[in-house]
Amino acid sequence: MKIKKISAFIIIAAYALLSGCGRINYPGLPDNPEAFEMGTFTDNEHDDAMFGSIVFNGRTYISYGTVRSALKQEYLSECVGYIIQDENSYSPADPDNKAVRIYTLAGDTENNFLLEHYNGFMSTPADFMRAVDTKGKDIEIPEYIESLGYGFWETGK
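Described in the following lines is the structure provided in the data block.

Conventions adopted
- Residues numbered from 1 in each chain as written.
- Predicted model: local features only at pLDDT ≥ 70, side-chain atom pairs only at ≥ 80, totals over all residues.
- Heavy atoms only, no water.
- Buried < 20%, exposed > 50% of the residue type's maximum accessible area, 1.4 Å probe, protein only.
- Helix = DSSP H or I, 4+ residues; strand = E, 2+ residues; numbered from the N terminus.
- Pairing = 2+ DSSP bridges.
- Core = buried A, V, L, I, M, F, W, Y, C linked by side-chain atoms within 4.5 Å.
- Contact = heavy atoms within 4.5 Å.

The buried count for strand β5 (residues 76-83) comes to six of eight residues, which makes it a mostly enclosed element. The pairing of strand β1 (residues 34-36) with β5 spans three bridges and is parallel. Across the sheet, F36 pairs through a bridge with I83, a residue of β5. Examined bridge by bridge, β5 and strand β6 (residues 100-105) share four bridges and lie antiparallel to one another. Each bridged residue has a counterpart across the sheet, and for C79 the counterpart in β6 is Y103.

So, in structure tokens, the structure goes:
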């Protein structure tokens, strides 16, 4: 039994080191964080595909992509808030759970992208969200963001 526990600890520690756990010091919540309610955005052009959405500074954001290779500290600007958790979220319904946080990106002065990150044990960036109003516009997409190829973003870039 003791060997199993030691083996499990070694495997978890190795995974943490290989996955880069702890490499980035994510900015903490501000004094008055925004509590984002997850909404729904429907893409009527592509079989009514549905996306989870949030509204930040009057703009709607939906999923766009993931990290291309590795996220670096200098890519992040600040934490602006957290997504309110419910029964369909990462964790059980808990109004005090502020683990899923929203970050702005350094150099993205227009806030065309946001990072949604689950701030938990051995977590990795979950998702880059893009402002819906940028569809069809020629905007700069940071080199570290890889599109997930959603039809909504692929048509009328």
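Having put the structure on the table, let's press on.
On to the nonpolar core, then. Formed by 21 residues in total, the largest nonpolar core has its most connected members in L71, L105, L115 and F128. If you list the elements that add at least two residues to this core, you get β4 (59-67), β5, β6, β7 (113-118) and α2 (151-154). A per-element tally of this core places β4 first, with three residues. Among all residues touching L105, those that are not within four sequence positions of it are Y75, L76, S77, F113, L115, F128, Y144 and I145. Formed by 11 residues, the second largest nonpolar core is a distinct cluster that contains F56, Y61, I83 and M129.

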